[in-house]
Amino acid sequence: MDCTLEKNRANCPCTYDCDKKGACCQCVAYHRGKNQLPACFFPPEAEKTFDRSYEHFARLVGEGFAQKS
C-alpha cells in the first residue's frame with residue numbers, strides 16, 4: 001500500500017510539530033506504543049491540549065463529542 005504523505009498532511013489535524021505528520025502508520029504505531037490515540041481521534045479543541053490518552057478520549061465520548069463533530 002502506498003502512503004500518500006501530501007494528501008495525509010493536508011488532512012492531518014495535529015497541531016504538534018512532528019516528523020510523523022502525514023505518515024499515519026508511523027503515527028498510529030508511535031501513539032499505540034505510548035498507550036495513546038493520534039490527534040485525528042480528537043475534536044480540535046481537545047487535540048490542542050496534547051492529552052492523547054485513552055481516558056481523555058473516553059471522557060469526550062461520554063460527553064457526546066462525536067455527535068458535535
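What counts and how
- Residues numbered from 1 in each chain as written.
- Predicted model: local features only at pLDDT ≥ 70, side-chain atom pairs only at ≥ 80, totals over all residues.
- Heavy atoms only, no water.
- Helix = DSSP H or I, 4+ residues; strand = E, 2+ residues; numbered from the N terminus.
- Buried < 20%, exposed > 50% of the residue type's maximum accessible area, 1.4 Å probe, protein only.
- Phe/Tyr/Trp six-rings, centres within 6.5 Å; stacked < 30°, edge-to-face > 60°.
- Core = buried A, V, L, I, M, F, W, Y, C linked by side-chain atoms within 4.5 Å.
- Contact = heavy atoms within 4.5 Å.
- Polar contact = N/O pair within 3.5 Å; in protein donor to acceptor, adjacent residues only side chain to side chain.

**Student:** I'm lost on the overall build of the chain in this one. Help?
**Tutor:** Check the secondary structure of the chain and you find five helices and zero strands. Reading the secondary structure of the chain in the N-to-C direction produces α-α-α-α-α. Once the C-alpha set of the chain is aligned to its principal axes, its extents read approximately 35 × 25 × 25 Å. Counting only residues that meet the buried cut, the chain has 29% of its 69 residues in that class.

**Student:** Where do I start with the packing of aromatic side chains in this structure?
**Tutor:** Geometry of an aromatic ring pair is reported as the spacing of the ring centres plus the angle between the planes. Inspection of the entire model under this criterion finds four aromatic pairs. An angle of 75 degrees between the planes, with centres 6.1 Å apart, marks the rings of Phe 41 and Phe 57 as edge-to-face. Linking Phe 41 in the loop between helix H2 (24–33) and helix H3 (44–47) with Phe 57 in helix H4 (residues 54–62), this pair joins segments that are 16 residues apart in sequence. A centroid spacing of 5.8 Å and a plane angle of 85 degrees characterise the contact between Phe 42 and Phe 57, whose relative ring orientation is edge-to-face. Of this pair, Phe 42 sits in the loop between H2 and H3 while Phe 57 is found in helix H4, placing the two residues 15 residues apart along the sequence. Residue Phe 42 is classed as buried on the basis of its relative accessible area of 6%. For Phe 57, a relative accessible area of 24% translates into the label partly exposed.

**Student:** Looking at this structure, how should I read the nonpolar core?
**Tutor:** Across soluble globular proteins, nonpolar side chains have a tendency to be buried as a group. Grouped together as the largest cluster of nonpolar side chains are five residues: Leu 37, Phe 42, Ala 46, Leu 60 and Phe 65. In this view, Ala 46 contacts His 56 and Leu 60; residues no more than four positions away in its chain are not counted.

**Student:** Could you clarify how one ought to interpret the side chain of Glu 47 in this entry?
**Tutor:** You can see Glu 47 is positioned in helix H3. Here the side chain of Glu 47 touches Thr 15 through a polar contact of 2.8 Å, side chain to side chain. With residues up to four places along the chain from it excluded, the contact list for Glu 47 reads Pro 13, Cys 14, Thr 15, Tyr 16, Ala 39, Phe 42 and Arg 52.

**Student:** I tried to follow unusual backbone geometry on my own but got confused; where do I start?
**Tutor:** Glycine aside, a negative phi is what most residues show, and trans is what most peptide bonds show. Its identity is not glycine, yet Asn 35 carries a phi of approximately 55 degrees, on the positive side. Among the secondary structure elements, Asn 35 is positioned in the loop between H2 and H3. Looking at Asn 35, the relative accessible area reads 51%, which means it is exposed. The backbone of Phe 50 sits at a positive phi, close to 60 degrees, despite the residue not being glycine. By the element assignment, Phe 50 lies in the loop between H3 and H4.

Worth remembering: the numbers are spatial, not functional.
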